[in-house]
Amino acid sequence: EKGGYDWFMRKEIYEQPQAVADTLLGRFDSDRRLTLDEIRISASELRTIDKVVIVACGTAYYAGLVAKYAIEHWTRIPCEVEIASEFRYRDPIVTSRTLVVTISQSGETADTLMAVRYAREQGAKVIAICNTNGSTIPRESDAVIYTHAGPEIGVASTKGFLTQVTACYLLGLFLAQERGTKFGDEVATVMAEMETMPAKIQEVLDGTDALLALARDLHQTESVLFLGRHAGYPVALEGALKLKEIAYLHAEGFPAGELKHGPIALVEEGIPVFVVVPPQGRDQLHDKVISNIQEVRARGAHTIVLAEEGDEEVRPYADRLISLPRASTLLQPLLATVPLQIFACEVATLLGHDVDQPRNLAKSVTVE
Ligand code: F6R
């Protein structure tokens, strides 16, 4: 049932083009307006929303962090993202005008479920983004957007993450459309780009040989750092989490701009540092990240740079260069995450660990 793969995780990584395509399927009506019928919240209710709060745990939380950049940019509604176990145990500001969005692959995560109950008690509308039909979180929510990833068996979430980001983006675009924000006219353009993503994810998957060699070279390392900015920052966090959970390596993700505020002290000769480089473009983001790469490299880091194809500016600073198909800054996480998943899977395999059943972890965390 692993379909010829050694691990479910690897199979699920390779299923991502299909999973994202399935999550995007059937989202347009005949006028190419985005439809999200399952939301069951009227356009007039959606217009009263003054804050979006995303609540989730682990990888699903990182999907929420990615989504924040897109949702705020497209809707101009403030969007907070919080870890469910933190949200629950303070008194978060949630009102009937708050849209609470939970993200959970399993739909059974105890802390996320408690957050749903709390939010509904405060009169907020709750939308669940979930991969498991009939699970508890969607049942207790006002509405659900299903990610169509299919069953995810490997404990480390992969296609769960990519489809969660996809579903959050659909929601963000739908909010922009229904509320008629300035961005409303661009929804179709973003959707058109979204529809190109499955083929681009496939391209990333087709070029993994270099990653396998990289894993062979680096699997004896003790510690790995991941840097990113903007939507690339949660990608860095996710890359680090994958390595921790299945390869049991010390790994940390940082916003690249924070280096000088502490983390750069960790950089010593030979330490592998992955850097997610945003697309070359109008903003300064790209150049800022290049300076960050220079900073760590000057201190002996072995830099593994993920950048879009044709980015010649990064090349001199990359000890290893992983090319990504072109995508806008907001959609790049759907591509940049994939090599990090493969790298973690490969390192864990080389170290002889059980990739699908890492120690101390369970697929759904139904206790606090
Ligand atoms: C990491 C991982 C976990 C889950 C987290 C939330 O690879 O799988 O961090 O993302 O336990 O689980 P769900 O999405 O089922 O609520």
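Residues numbered from 1 in each chain as written. Predicted model: local features only at pLDDT ≥ 70, side-chain atom pairs only at ≥ 80, totals over all residues. Heavy atoms only, no water.

Participant: What am I meant to see in helix H6 (residues 110–121) here?
Facilitator: Each α-helix winds once per 3.6 residues, and so residues spaced three or four apart point in a common direction. For H6, built from 12 residues, the straight-helix expectation of 16 Å at 1.5 Å per residue is met to within 8% by its first-to-last C-alpha distance of 17 Å. Within H6, the full set of buried residues consists of Ala110, Asp111, Thr112, Leu113, Ala115, Val116 and Ala119. Summarising the contacts, the buried residues of H6 are in contact with strand S1 (51–56), helix H5 (84–87), strand S3 (98–104), strand S4 (125–130) and helix H7 (136–140). (Helix = DSSP H or I, 4+ residues; strand = E, 2+ residues; numbered from the N terminus. Expected span 1.5 Å × (residues − 1). Buried < 20%, exposed > 50% of the residue type's maximum accessible area, 1.4 Å probe, protein only. Contact = heavy atoms within 4.5 Å.)

Participant: When you look at the sheet that holds strand S7 (residues 250–255) in this model, what are you seeing that I'm missing?
Facilitator: Pairing between the strands of a sheet comes from backbone hydrogen bonds, and it takes one of two forms, parallel or antiparallel. Pairing is parallel across the open sheet formed by five strands, whose spatial order is S7-S6-S8-S9-S10. Of all the strands in the sheet, the pair left with one neighbour each is S7 and strand S10 (320–324). Averaged over neighbouring strand pairs, the angle between their axes works out to 20° when direction is ignored. Contacts from helix H11 (residues 232–247) reach strand S6 (223–228), S7 and strand S8 (272–276) within the one sheet, and its direction differs from that of S7 by about 175°. (Pairing = 2+ DSSP bridges. Axes fitted to C-alpha atoms, helices over the stretch in contact; angles between N-to-C directions.)

Participant: Mind showing me how you'd approach helix H9 (residues 187–206) here?
Facilitator: The terminal C-alpha atoms of H9 lie 30 Å apart, and with 20 residues this matches the ideal 28 Å at 1.5 Å per residue to within 8%. The sharpest bend along H9 reaches about 35° and sits at methionine 197, with the proline proline 198 one to four residues further on. Looking at H9, one finds that the buried residues are Val187, Val190, Met191, Glu193, Met194, Met197, Pro198, Lys200, Ile201, Val204 and Leu205. At its buried positions, H9 is contacted by helix H1 (8–14), helix H2 (16–24), helix H4 (58–75), helix H8 (159–179) and helix H13 (333–350). (Bend = angle between axes of the 7 residues up to and from the residue.)

Participant: Any chance you could explain the site of the ligand here in plain terms?
Facilitator: The full set close to the ligand counts 13 residues, and Ser104, Gln105, Ser106, Thr109 and Glu245 are the nearest of them. Serine 157 places a polar main-chain atom, nitrogen or oxygen, 2.9 Å from an oxygen atom of the ligand. In isolation the ligand offers 410 Å² of accessible surface; the protein chains occlude 88% of this area. Where the shell around the ligand is concerned, the elements lending two or more residues are H4 and H11. Tallying contributions element by element places H4 first for the shell around the ligand, with three residues. Tallied by class, residues from the shell around the ligand come to four nonpolar, seven polar and two charged. (Near = heavy atom within 4 Å. Polar contact = N/O pair within 3.5 Å; in protein donor to acceptor, adjacent residues only side chain to side chain. Areas by Shrake-Rupley, 256 points an atom, 1.4 Å probe, with all protein chains shown as cover. Nonpolar A, V, L, I, M, F, W, Y, C, P; charged D, E, K, R; others polar.)

Participant: Just checking my understanding: could you explain the packing of H8 against H13 for this structure?
Facilitator: How two helices sit against one another is set out by the angle between their axes and by the gap between those axes. For the pair H8 and H13, the least separation of the axes is 10 Å and the interaxial angle reads 170°. One element, H8, and the other, H13, form an angle in the roughly antiparallel class. Taken together, the residues of H13 that come into contact with H8 (itself represented by Phe161, Leu162, Val165 and Thr166) are Leu334, Thr337, Val338 and Gln341. (Parallel < 35°, antiparallel > 145°, perpendicular 65-115°, else oblique.)

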